[in-house]
Amino acid sequence: MKTGQKISLMYSTITILIVIMVGGIFFFYSSTYAINLYYKYLEEKAHIIAVEKFDKDELDPVRYQNVQRRRRSSIPTSREAFISAKDSAKANAQLRKFMSDKEIKKLRKNEVVDFRNGKEYGAAIVYNDNTGVYVVVATSTNPYSEELWNTMFWAVLWVIVIAIVILVIISRIYAIRVVDRIDEDYQTEKMFVNNASHEINNPLTAIQGECEIALMKDRDAAFYRNSLQRIGKETDRIIRIMANLLTFSHVRANEINPGDPDYVKISIALEQFRDEDTKITINHDFIVRGRPDLLGIALRNIISNARKYSNDGKAIVVADRNTVTVSDKGTGISKNDIRHIFEPFYRGENVAGVSGHGIGLSLAKAIFERTGVKVSVSSTDDGLTTFTMKFPKVH
């Protein structure tokens with residue numbers, strides 16, 4: 001599993017658990033609120049039926065009709081009870097049919113008690129009448145609770161499912177892509193540093209060896225001259241490697257100031273490479289946009305690579321309708337190597353005897369991609385290798 005997938009899976013799992021936890025908390029508090037609201041309605045119902053029973057003689061007809069109307073419009077009850085509190089033992093025995101002793105004690109303190117008795121919800125209040133003190137109990141099976149809980153449960157569940165789906169889509173489209181790109185860049189830079197150190201170390205080791213041999217004993221002038229020439233050759237090699245490394249690093253990091261890009265005809269950009277080893281054909285000329293110096297570096301690397309690995313040392317360049325192809329007939333590129341051909345310092349198994357540093361093609365691709373040019377490569381079994389650069393159209 002790639003690093004991007006691991007990180008995406010980890011954070012997706014954490015986020016999904018958070019969404020589920022938030023959904024569960026929302027469901028719990030919503031359910032609790034709905035139950036408490038139902039208890040408030042039961043308390044109101046208990047008060048209404050108490051007024052209707054005990055204050056009937058004290059109310060005028062209009063107020064009494066209003067009380068009856070309120071009772072009919074209030075929530076339905078399954079049982080209603082009026083218990084005299086005069087005889088505590090008898091009252092407690094009747095109240096235990098509805099509630100616990102702890103809740104009965106609360107009633108004795110003249111508090112409103114909400115209780116649950118099996119499937120029934122209930123409210124009990126203490127009502128003082130001129131004939132005595134009574135406990136009024138109203139119970140209901142709450143016909144709305146199951147429907148309400150089902151509705152809330154499915155609503156929360158759908159929210160969680162939709163959130164998970166959106167999270168997975170965002171994770172795959174954005175998170176994995178970005179993290180994989182970061183991981184890929186990290187691995188590339190790691191390989192870049194390791195290989196750069198190796199490439200620079202080789203000529204430095206050769207220079208050190210030449211110096212040690214020259215200092216072992218006195219030599220004639222011809223030996224020193226040859227030794228200095230070899231040292232100079234290795235020094236030039238280091239300079240070329242460092243120049244390519246710096247250019248490649250700056251291009252990848254977008255640290256080269258693009259300035260104002262020029263508009264150049266592809267025929268003019270290719271003309272500098274025309275010689276006896278490079279056949280250039282312009283079928284349809286077109287305009288390209290970019291920095292001529294960087295474009296020249298990229299084209300030179302592709303063309304010189306073709307000549308280097310061609311059997312006859314020649315390359316064929318064709319420009320036609322926003323596309324440039326560079327072909328050679330040589331060793332070819334295996335299917336395994338072609339996947340890595342643009343990686344820095346990568347060299348195929350069949351080019352071990354050919355000099356090179358493995359930077360040219362990766363540098364060319366980095367320059368081309370920065371200007372929107374799509375680069376691809378193909379190779380046939382007979383050794384025909386073709387690099388294709390598709391330039392964006394310039395209007």
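See the structure above.
What counts as what
- Residues numbered from 1 in each chain as written.
- Predicted model: local features only at pLDDT ≥ 70, side-chain atom pairs only at ≥ 80, totals over all residues.
- Heavy atoms only, no water.
- Pairing = 2+ DSSP bridges.
- Helix = DSSP H or I, 4+ residues; strand = E, 2+ residues; numbered from the N terminus.
- Axes fitted to C-alpha atoms, helices over the stretch in contact; angles between N-to-C directions.
- Contact = heavy atoms within 4.5 Å.
- Phe/Tyr/Trp six-rings, centres within 6.5 Å; stacked < 30°, edge-to-face > 60°.
- Lys NZ or Arg CZ within 6 Å of the ring centre and 35° of its normal.
- Core = buried A, V, L, I, M, F, W, Y, C linked by side-chain atoms within 4.5 Å.
- Buried < 20%, exposed > 50% of the residue type's maximum accessible area, 1.4 Å probe, protein only.
- Patch = residues over 30% accessible without salt bridge, like charges linked within 9 Å, V, L, I, M, F, W, Y side chains within 5 Å.
- Areas by Shrake-Rupley, 256 points an atom, 1.4 Å probe, with all protein chains shown as cover.
- Salt bridge = Lys/Arg side-chain N within 4 Å of Asp/Glu carboxyl O.
- Parallel < 35°, antiparallel > 145°, perpendicular 65-115°, else oblique.
- Left-handed = near helix turned anticlockwise from the far one by under 90°.
- Nonpolar A, V, L, I, M, F, W, Y, C, P; charged D, E, K, R; others polar.

A separate point is the sheet that holds strand β11 (residues 384-390). Pairing is mixed in the open sheet, where 5 strands are placed in the order β6-β8-β9-β11-β10. Looking at the sheet topology across the chains shown, the edges are occupied by β6 (278-282) and β10 (374-379). Direction aside, the axes of adjacent strands within the sheet are offset by 15° on average. Here 4 bridges tie strand β8 (residues 315-319) to strand β9 (residues 323-329), and the two strands are oriented antiparallel to one another. Bridge pairing in β9 links valine 318 to threonine 325. Along the sheet, helix α8 (residues 292-309) makes contact with β6, β8, β9 and β11, crossing β9 at roughly 20°.

Consider a sheet: its strands pair through backbone hydrogen bonds, and that pairing is either parallel or antiparallel. Pairing is antiparallel across the open sheet formed by 4 strands, whose spatial order is β1-β4-β3-β2. A strand with exactly one partner marks an edge of an open sheet, and here the two such strands are β1 (79-84) and β2 (113-117). Pairwise comparison of adjacent strand axes, ignoring direction, gives a mean angle of 25° for this sheet. Alignment of strand β3 (residues 120-129) against strand β4 (residues 132-140), held across 9 bridges, turns out to be antiparallel.

Summed over all chains, the structure comprises 13 aromatic pairs. Aromatic ring contacts, followed pair by pair, group Phe54, Phe82, Tyr127 and Tyr134 into a single cluster. Above the face of the phenylalanine 223 ring, arginine 219 is positioned so that its terminal group lies 4.6 Å from the ring centre. Above the ring of phenylalanine 342, the side-chain terminus of lysine 365 is found at 5.6 Å from the ring centroid.

Attention now moves to the nonpolar core. Ranked by size, the top nonpolar core spans 34 residues in total, and within it Ile266, Val324, Phe368, Met389 and Phe391 carry the most contacts. Looking at this core, the elements that each hand over two or more residues are α7 (266-271), α8, β8, β9, α10 (360-370), β10 and β11. Broken down by element, the residue count for this core peaks at 7 residues, all from α8. Excluding residues within four positions of it along the chain, methionine 389 makes contact with Leu299, Ile302, Asn322, Thr323, Val324, Val326, Phe368, Val373, Lys374 and Val375. Core analysis: the next-biggest nonpolar cluster, separate from the first, contains 14 residues, Ala46, Ile48, Val67 and Val136 among them.

Now for the environment of phenylalanine 391. Mapped onto the secondary structure, phenylalanine 391 falls in the segment after β11. When the C-alpha atoms of phenylalanine 391 and phenylalanine 286 are compared, they prove to be 9.4 Å apart, with 105 residues separating the residues in sequence.

This part covers a nonpolar patch on the surface. Where nonpolar side chains cluster on the molecular surface, the patch consists of Phe153, Trp154, Leu157, Trp158, Val161, Ile162, Val165, Ile166, Ile169, Ile170 and Ile173 and spans about 1000 Å² of accessible area. Tracing the backbone through its elements, the reader meets phenylalanine 153 in helix α5 (residues 145-216). What makes phenylalanine 153 partly exposed here is its relative accessible area of 40%.

Look at helix α3 (residues 88-95) against helix α4 (residues 101-108): their axes get within 10 Å of each other, and the N-to-C directions meet at 130°. By the angle between their axes, α3 is oblique relative to α4. In terms of crossing hand, the pair formed by α3 and α4 is right-handed. Along the contact surface, α3 presents Ser88, Ala91, Asn92 and Leu95, while α4 presents Ile104, Leu107 and Arg108. When grouped by side-chain class, the residues that make up the contact of α3 with α4 number 4 nonpolar, 2 polar and 1 charged.

With a phi angle near 65°, asparagine 110 is a residue other than glycine that sits in the positive phi range. Tracing the sequence through the fold places asparagine 110 in the loop between α4 and β2. We note that asparagine 322 has phi near 65°; this positive angle belongs to a residue other than glycine. Within the fold, asparagine 322 resides in the loop between β8 and β9.

Where β2 meets β3, 5 bridges bridge the pair, whose relative direction is antiparallel. Looking at β3, one finds that phenylalanine 115 is bridged to glycine 122. Between β2 and β3, which follow one another and run antiparallel, lie 2 residues, and glycine 118 among them has a positive phi close to 65°.

A word on the pattern of salt bridges. Counted under the stated rule, the structure contains 11 salt bridges. Here arginine 79 ties to glutamate 120 by a salt bridge, and the two come within 3.0 Å at their closest N and O atoms. Highlighted residues: arginine 79 in strand β1 and glutamate 120 in strand β3, separated in sequence by 41 residues. By relative accessible area, arginine 79 is classed as partly exposed at 36%. Lysine 365 serves as the salt-bridge partner of glutamate 369, at 2.3 Å between the closest nitrogen and oxygen. Taken together, the positions of glutamate 369 and lysine 365, both in helix α10 and 4 residues apart, correspond to about one turn of that helix. The exposure class of glutamate 369 is partly exposed, given its relative accessible area of 46%. Through salt bridges with shared partners, one network takes in Glu52, Arg71 and Glu80.

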